[in-house]
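# An overview of the molecular structure
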Amino acid sequence: MNTNVQPDPVRLEIFKNLYQFIAEQMGIVLQNTAASVNIKERLDFSCAIFDASGSLVANAPHIPVHLGSMSASVTSLIDDVGDNIQPGDVYLSNNPYNGGTHLPDVTAITPVFFTAKGEQPTAPTKPIFYVASRGHQADIGGITPGSMPPHSTNIAEEGILFDNFLLVSDNDFREDAVREILSNHTYPARNIKQNIADFQAQIAANNRGVKELLKMVKQYGLSTVQTYMQFVQDNAEFAVKRAIASLNNGEFTYKMDNNAQIEVKVKVDRHNQRATIDFTGTSPQQTTNFNAPAAVTQAAVLYVFRTLVDDTIPLNGGCLKPIEIIIPQGCMLNPTYPAAVVAGNVETSQTIVDALYGALGVMAASQGTMNNFTFGNHRYQYYETICGGSGAGNGFDGTDAVQTHMTNSLLSDPEVLESRYPVILDSFTIRQDSGGKGKYSGGNGVVRKVRFLESMTAGILSGHRIVPPFGLNGGEAGKVGKSYIQRQDKTIEQLDSTATVEMQPGDTFIVETPGGGGYGLFKGNE
């Protein structure tokens, strides 16, 4: 195929959907074969395919913070291992300083090789594609069950780090080596059997991706498949350029509960259809765990600009080509080892998104937190993110009780939660009047009450307990969230944004999530 020709519009649409379909098939396999509630029920995972250089081509509509950062993990593998990558290999990585997000998000990366017969080769050659799946492990070690410690101060306290670890060698699953790493740590993994099962599910998902890509190559030819991979990314680049042409310069300072701040300036070059996103002025690297790895910051920028595009395009590497991102090294959005990062992925990422929307004047703040709730002991480990209100914008209200922006996972069904863990979901309701008023009102948060039947350690890792989610253009801010314990004797213990507590049988953990900000003046306030 002549790579200098323009793409055929019909074929472009076909290939765009085929690539996404392959990622979706990978996700179905992962969900069906995983062991943990976190992956199987909450769908806290993502699958995607990448070209030979490691650039994201297409993904299933999974978790934005995963998808926007996975390319950095793949390119890290290519840079580190290079010519040593062999057919039948699978690599494992969760290194936050090397393309990862936080330690529970573990990525399995499989190279795709090809021969003229359309089969995996036996002789050494270079991969033609890569497929990857990222799953949030229910526990990967660390100082608290669930590996989301509210008060970690360094990466070792958050769990076990895999840095381009060879998980499968020549189609041989290296279980003994994996078990050694998971157990030989100051804070070892608490359920290695479940880790192993989920890793094997990720391998199976990747294998489906490899199979489907090779089938595609056999049908259309390698040159055509690779050319349209580039066309799909070029199409996304052009779509983002068109969106940039309608934007204005802007800046925003976003204060967080922990007194840190995100500073962002957006400079738009309409003539060249390019934008510069400058985070200079953001707080320095924190002693807390709210540091967001550079890959997470990139994922947040990618997500925002993808949402500004009206066209139906897959989230891919082309979206970032017209964008320059400036992140000073050593600030909380580009930390250095051994900074703690577990909240940076789930909390600071949300702040980055809202700060960008604020700078662009697009929409008010969402709940701005994932309300990360964990509990566990030596037998059980559980993690969930809790929905809240989304922000309003020009022409639309926010939505009640929804996972916003960088998360897209589900809450476990009550029947699953109560059958797998010694807890009772006492209630789960809309938190009325928690969204900010405005011409367009912010969405409401929720109230979630979980009663414990067994002694366990619980934790909350959250934001917007002090600083309310902002409104725009005269709209009111959303209400801040609350977290507290009702003990069996009915006494109440209020909790900070981040807290670890010991729960006893009969105690109830209550989370009231924030509402989204409103947009425009509310008629009653005019």
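Everything below is about the structure shown above.
A short tour of the structure in this document, coming up. On a predicted model such as this, the values are computed, not experimentally measured, just so you know. (Residues numbered from 1 in each chain as written. Predicted model: local features only at pLDDT ≥ 70, side-chain atom pairs only at ≥ 80, totals over all residues. Heavy atoms only, no water.)

Interhelical geometry of helix 7 (residues 294-307) versus helix 8 (residues 342-360) gives an angle of 40 degrees and a closest axis separation of 9 Å. The angle between the axes of helix 7 and helix 8 places the two elements in the oblique class. With respect to the hand of their crossing, helix 7 and helix 8 are arranged in right-handed fashion. Between helix 7 and helix 8, the residues in contact are Val296, Thr297, Ala300, Val301, Tyr303, Val304 and Thr307 and Gly344, Asn345, Ser349, Ile352, Val353, Leu356, Tyr357 and Leu360, respectively. (Axes fitted to C-alpha atoms, helices over the stretch in contact; angles between N-to-C directions. Helix = DSSP H or I, 4+ residues; strand = E, 2+ residues; numbered from the N terminus. Parallel < 35°, antiparallel > 145°, perpendicular 65-115°, else oblique. Left-handed = near helix turned anticlockwise from the far one by under 90°. Contact = heavy atoms within 4.5 Å.)

The next subject is the sheet that holds strand 15 (residues 445-452). Pairing in this open sheet of five strands is antiparallel, and the strands run 14-15-20-17-18 from one edge to the other. Looking along the sheet, the strands with just one partner apiece sit at the ends: strand 14 (423-431) and strand 18 (492-494). Averaged over all pairs of adjacent strands, the angle between strand axes in this sheet comes to 15 degrees, irrespective of strand direction. Pairing between strand 15 and strand 20 (residues 508-512): five bridges, direction antiparallel. Directly across from valine 450, in strand 20, lies its bridge partner phenylalanine 509. (Pairing = 2+ DSSP bridges.)

All chains considered together, the criterion is met by 15 salt bridges. With a shortest N-O distance of 2.5 Å, aspartate 311 and arginine 242 are connected by a salt bridge. Within this pair, whereas aspartate 311 is found in the loop between helix 7 and strand 11 (323-326), its partner arginine 242 is found in helix 6 (residues 222-244), the two being separated by 69 residues in sequence. Judged by relative accessible area, which is 33%, aspartate 311 ranks as partly exposed. The exposure class assigned to arginine 242 is partly exposed, which follows from its relative accessible area of 46%. (Salt bridge = Lys/Arg side-chain N within 4 Å of Asp/Glu carboxyl O. Buried < 20%, exposed > 50% of the residue type's maximum accessible area, 1.4 Å probe, protein only.)

Take the packing of aromatic side chains next. On inspection of all chains with the given rule, the structure shows 17 aromatic pairs. Both rings, one in phenylalanine 162 and one in phenylalanine 165, keep their centres 5.7 Å apart while their planes meet at 55 degrees; by these two values the pair is tilted. There is no split in this pair, since phenylalanine 162 and phenylalanine 165 are both buried. A centroid spacing of 5.3 Å and a plane angle of 80 degrees characterise the contact between phenylalanine 375 and phenylalanine 452, whose relative ring orientation is edge-to-face. You can see phenylalanine 375 sitting in strand 12 (residues 372-376) and its partner phenylalanine 452 sitting in strand 15, a full 77 residues away along the chain. Its relative accessible area of 0% is what places phenylalanine 452 among the buried residues. (Phe/Tyr/Trp six-rings, centres within 6.5 Å; stacked < 30°, edge-to-face > 60°.)

A few words now on the side chain of arginine 306. Looking at the element boundaries, arginine 306 is found in helix 7. Although arginine 306 lies buried, it forms no salt bridge, and the closest oppositely charged side chain, aspartate 310, sits 7.6 Å away as judged by the N-O distance. (Lys, Arg positive; Asp, Glu negative; His and termini not counted.)

Our next topic: the sheet that holds strand 19 (residues 498-503). In space, the four strands of this open sheet follow the order 13-12-16-19, with antiparallel pairing throughout. Either end of the sheet is taken by a strand with one partner, and the two such strands are strand 13 (381-384) and strand 19. Pairwise comparison of adjacent strand axes, ignoring direction, gives a mean angle of 15 degrees for this sheet. Two elements, strand 16 (residues 456-461) and strand 19, share six bridges in a ladder whose sense is antiparallel. Considered in strand 19, the bridge of glycine 459 is made with threonine 500. Those strands touched by helix 8 are strand 12, strand 13 and strand 16, and its axis lies near 45 degrees from that of strand 16.

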